[in-house]
Amino acid sequence: MKLLLTGGAGYIGSHTAVELLNKGYEIVIADNYSNSDPKVLDRIRKITNKDFAHYNCDVANYSEFERVFKEHKIDVVIHFAGYKAVGESVKIPLEYYENNLNATITLLKLMNKYGVENCIFSSSAAVYDSTKNRRLTEDSPLSCTNTYGYTKLMSEQIFKDAARANPKLSIALLRYFNPIGSHESGLIGDNPNGIPNNLLPYITRVAVGKLDKLYIFGNDYDTRDGTGVRDYIHVVDLALGHIAAIDYCLNNKGAIAINLGTGKGYSVLEVVHAFEKASGVKIPYEFTGRREGDTAEYYASPELAKKLLGWEARLDLEQMCASAWKWQKMNPNGYEE
Ligand code: WQD
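Model, not experiment: these values are computed from the prediction.

K.L.:
Is there a simple way to think about the site of the ligand in this case?
P.N.:
Taken together, 21 residues sit near the ligand, with L199, Y215, R230, R291 and D294 positioned nearest. Note that an oxygen atom of the ligand is positioned 3.5 Å from one of the backbone N or O atoms of N197. For the ligand, the protein covers 90% of the area, taking 690 Å² as the surface of the free molecule. Examining the composition of the shell around the ligand, we find that four residues originate from one element, strand β9 (residues 214-217), more than from any other. Residues belonging to the shell around the ligand are distributed by class as follows: twelve nonpolar, five polar and four charged.

What follows is the structure in structure tokens.
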């Protein structure tokens, strides 16, 4: 069984690569390292003691990406590649649409040409309208507050249309909630460029002394302590969700959206306290205004994933925080030596 991972050097891609190699799957990574580091490849080899093919290529570029399909008979594609910064997406929307939608379209064209029938797509809880419901099922209303979310929603639609036109296709659209944490080795992890936008990487950089304090965006939400509530999921659990989706794809046709979350929400303050407990480091923080586009509270209904994939998240918030801290402590400058 050979899998192609687009964006396989990224945060979620690299963790999935490790779990796949550990389970004996053969993988090929295609990544242009626009938001990742080629050193990740060595780290994956070090953790797994296994080797794999890799291509430095832009998956939105048909002729560059076609080489991979010419040289490998792929059974399943896991499509992680894409721009992912919510704030940036609003500032440079055309680049986001161009990159993320072209990548999806190019991939589907090449899958059709080379007879590849199975694909797992990195979608996001950002496709839901989280102002209406807090517990989100796959049929909750959809609507986005930013361009990043729209690129995911539009890509989902493109996959659905492609699957309707080609009944041989089998597509799992995995809607991730808030992935955090790292592999237990501390060798791979979330490594955003510049000042992190997401909560956990911001907290770990405060803990390691690279940032002074955490700014908590709003303490007047209608939640148990006034701060925003999200469904944080350990990236290793998320990686295992992809492996469960492989079997689902091989045995079913059509395109289907499935949530990958724990079903439990934690507030920003609860995350801060869990991190302090796991690391023994105090996190100074200050309340500031709400961030545009944020909503009070949402978390996954994880039932469909359990029913269809036989998968559920197992690791808890403390394990998420402890592993995120291990990665940051061992790699204060990310992948730079
Ligand atoms: C979590 C909570 C913030 C930073 C986004 C995307 C989603 C996915 C993950 C991926 C919120 C609060 C944060 C800070 C804070 N995207 N916060 N201070 O916004 O739930 O989800 O990232 O690639 O699709 O929408 O995640 O980690 O940014 O925020 O108080 O410095 O932490 O307000 O309540 P979010 P997040």
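K.L.:
Explanation requested: the packing of helix α7 (residues 199-207) against helix α11 (residues 317-330) in the structure shown.
P.N.:
What describes two packed helices is the angle between their axes and the distance between those same axes. Closest axis-to-axis distance for the α7/α11 pair is 10 Å, and the angle between their directions is 50°. The pairing of α7 with α11 is recorded here as oblique in orientation. Crossing geometry of α7 relative to α11 is assigned as right-handed. Where α7 approaches α11, its residues L200, P201, T204, R205 and A207 are matched on the opposing element by A324, W325 and Q328.

K.L.:
Sorry, what's going on with the packing of aromatic side chains here?
P.N.:
Working definition: an aromatic ring pair is given by the centre-to-centre distance plus the angle between the planes. Inspection of the entire model under this criterion finds nine aromatic pairs. Centroid distance F65 to F69: 5.2 Å. Interplanar angle 80°. Geometry classified as edge-to-face. Highlighted residues: F65 and F69, both in helix α3 (residues 62-71), separated by four residues, approximately one helical turn. The buried category is assigned to F69, whose relative accessible area is 4%. A ring pair is formed by F275 and W325, whose centres lie 5.8 Å apart and whose planes are at 80°; its orientation type is edge-to-face. Of this pair, F275 sits in helix α9 (residues 268-279) while W325 sits in helix α11, placing them 50 residues apart in sequence. Across the pair, exposure class does not vary: F275 and W325 are buried alike. Aromatic rings pair up to connect F65, F69 and Y114 into one cluster. Above the face of the F52 ring, R45 is positioned so that its terminal group lies 5.1 Å from the ring centre.

K.L.:
Sorry if this is basic, but what is going on with the sheet that holds strand β4 (residues 76-79) here?
P.N.:
The strands making up a sheet associate through backbone hydrogen bonding, with each pair oriented either parallel or antiparallel. Reading across the sheet, the seven strands line up as β3-β2-β1-β4-β5-β7-β12 and stay open at both edges, with parallel pairing between neighbours. Strand pairing shows two members of the sheet lacking a second neighbour, β3 (53-56) and β12 (254-260), which therefore form its edges. Across the sheet, the mean angle separating the axes of adjacent strands is 20° when strand polarity is ignored. In the packing of helix α5 (residues 93-113) onto the sheet, the strands contacted are β4 and β5 (118-124), and the crossing angle to β4 comes to about 175°. Against the sheet, helix α8 (residues 235-251) makes contact with β1 (2-6), β4, β5, β7 (170-176) and β12, and its axis sits at roughly 160° relative to β7, the strand it touches most.

K.L.:
How should the pairing of β1 be read in this particular structure?
P.N.:
Sheet faces and side chains relate simply in a regular strand, where the side chains alternate between the two faces. With respect to burial, β1 is a largely interior element, five of its five residues being buried. Residues K2, L4 and T6 point to one face of β1 and L3 and L5 to the other, with burial holding for every one of them. Bridge count between β1 and strand β2 (residues 26-31): five bridges; the pairing is parallel. Each bridged residue has a counterpart across the sheet, and for L5 the counterpart in β2 is I29. Regarding topology, helix α1 (residues 11-22) serves as the crossover connection from β1 to the parallel β2, and that connection is right-handed. Both β1 and β4 contribute to a ladder of four bridges, which runs parallel. Across the sheet, residue L3 finds its bridge partner in β4, namely V76.

K.L.:
Looking at this structure, how should I read α3?
P.N.:
Because an α-helix completes one turn every 3.6 residues, residues spaced three or four positions apart along the sequence face the same direction. Turning to α3, its buried residues are F65, E66, V68 and F69. The buried residues of α3 occupy an angular sector of 150° when the element is viewed end-on, so they sit on one face. What points out from α3, more than 90 degrees from its buried face, is the exposed set S63 and K70. Its buried side turned inward, α3 meets β1, β2, β3 and α5.

What counts and what doesn't
Residues numbered from 1 in each chain as written. Predicted model: local features only at pLDDT ≥ 70, side-chain atom pairs only at ≥ 80, totals over all residues. Heavy atoms only, no water. Near = heavy atom within 4 Å. Polar contact = N/O pair within 3.5 Å; in protein donor to acceptor, adjacent residues only side chain to side chain. Areas by Shrake-Rupley, 256 points an atom, 1.4 Å probe, with all protein chains shown as cover. Helix = DSSP H or I, 4+ residues; strand = E, 2+ residues; numbered from the N terminus. Nonpolar A, V, L, I, M, F, W, Y, C, P; charged D, E, K, R; others polar. Axes fitted to C-alpha atoms, helices over the stretch in contact; angles between N-to-C directions. Parallel < 35°, antiparallel > 145°, perpendicular 65-115°, else oblique. Left-handed = near helix turned anticlockwise from the far one by under 90°. Contact = heavy atoms within 4.5 Å. Phe/Tyr/Trp six-rings, centres within 6.5 Å; stacked < 30°, edge-to-face > 60°. Buried < 20%, exposed > 50% of the residue type's maximum accessible area, 1.4 Å probe, protein only. Lys NZ or Arg CZ within 6 Å of the ring centre and 35° of its normal. Pairing = 2+ DSSP bridges. Right-handed = clockwise from strand over helix to strand, strands pointing away. Arc of directions from axis to C-beta.

Just distances and angles here, no functional claims.
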